[in-house]
Amino acid sequence: MTNGNENRWLPLARVADLSEGINAAAVDGVELVIVKKGEGLSVFAGRCLHQEAPMAQGILEENHLVCSKHLWKYSLETGELEGEPGITLQKFECCQTDQDLEIRMDQFNELKALYTSFDEDDDDGVYVP
Ligand code: FES
């Protein structure tokens, strides 16, 4: 059964504006990171699963996005934490149009709901680290 959102895409960035390496992005106050490696583009949740450090300040290794705070290493392919198969930094399914990079709307809404739940006292309803 579907909820009708699976095929909706959310524009995230203009491809031409992205730099090689780690790019910070945000939609509705939700932080994301876009990793550009050559022609490859990947999008991840913008906060580390350990203590919510900004992944935009992370380090790019050959096959990992590494949090700069305590060096947790997430697979660029899957988002999985190295050595901890059950722990995964959310990776988004992407769609690239002629100009734009888009992510799946339903995945974004899931992350936004998760981040919002971290701080229920936050009066603007968005994640605040
Ligand atoms: S906050 Fe990212 S490894 Fe600790």
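Residues numbered from 1 in each chain as written. Predicted model: local features only at pLDDT ≥ 70, side-chain atom pairs only at ≥ 80, totals over all residues.

## Structural notes on the overall build of the chain
- Looking only at helices and strands, one finds one helix and 12 strands in the chain.
- In the chain, the succession of helices and strands from N to C terminus is β-β-β-β-β-β-β-β-β-β-β-β-α.
- Looking at the 129 residues of the chain, the share that counts as buried comes to 23%.
- Within the chain, contacts between residues separated by at least 24 positions form 39% of all contacts whose residues are at least 6 apart in sequence. (Helix = DSSP H or I, 4+ residues; strand = E, 2+ residues; numbered from the N terminus. Buried ≥ 20, exposed ≤ 12 C-beta atoms within 10 Å, placed from the backbone. Contact = placed C-beta atoms within 7 Å.)

## Things to note about the nonpolar core
- Leu12, Leu32, Val33, Ile34, Val43, Phe44 and Met55 are the most contacted members of the largest nonpolar core, which totals 24 residues.
- Looking at this core, the elements that each hand over two or more residues are strand 1 (9-14), strand 3 (30-37), strand 4 (40-45), strand 12 (100-104) and helix 1 (105-118).
- Here the element with the most residues in this core is strand 3; it accounts for five residues.
- Not counting residues up to four positions away in its chain, the partners in contact with Met55 are Val33, Phe44, Gly46, Arg47, Cys48, Leu65 and Cys67. (Core = buried A, V, L, I, M, F, W, Y, C linked by C-beta atoms within 7 Å.)

## A look at the pairing of strand 12
- Pairing of strand 1 with strand 12 involves five bridges; the strand directions are antiparallel. The residue bridging Pro11 from the neighbouring strand is Glu102, located in strand 12.
- Here strand 11 (residues 94-96) pairs with strand 12 via three bridges, running antiparallel. Bridge pairing in strand 12 places Cys95 opposite Glu102. (Pairing = 2+ DSSP bridges.)

## A few points about the confidence of the model for the chain
- Looking at the chain as a whole, the pLDDT averages 89, with 85% of positions reaching at least 70.
- For residues 123-129, every residue scores under 50 in pLDDT, and the model assigns this stretch 15 contacts once sequence neighbours within four places are set aside. (pLDDT = per-residue confidence, 0-100.)

## Focus on the environment of Val33
- Mapped onto the fold, Val33 is located in strand 3.
- For the pair formed by Val33 and Val43, sequence separation is 10 residues and the distance between their alpha carbons is 5.7 Å.
- Residues contacting Val33, with those up to four places away along its chain left out, are Ile22, Asn23, Ala24, Ala25, Phe44, Gly46, Met55 and Ala56.

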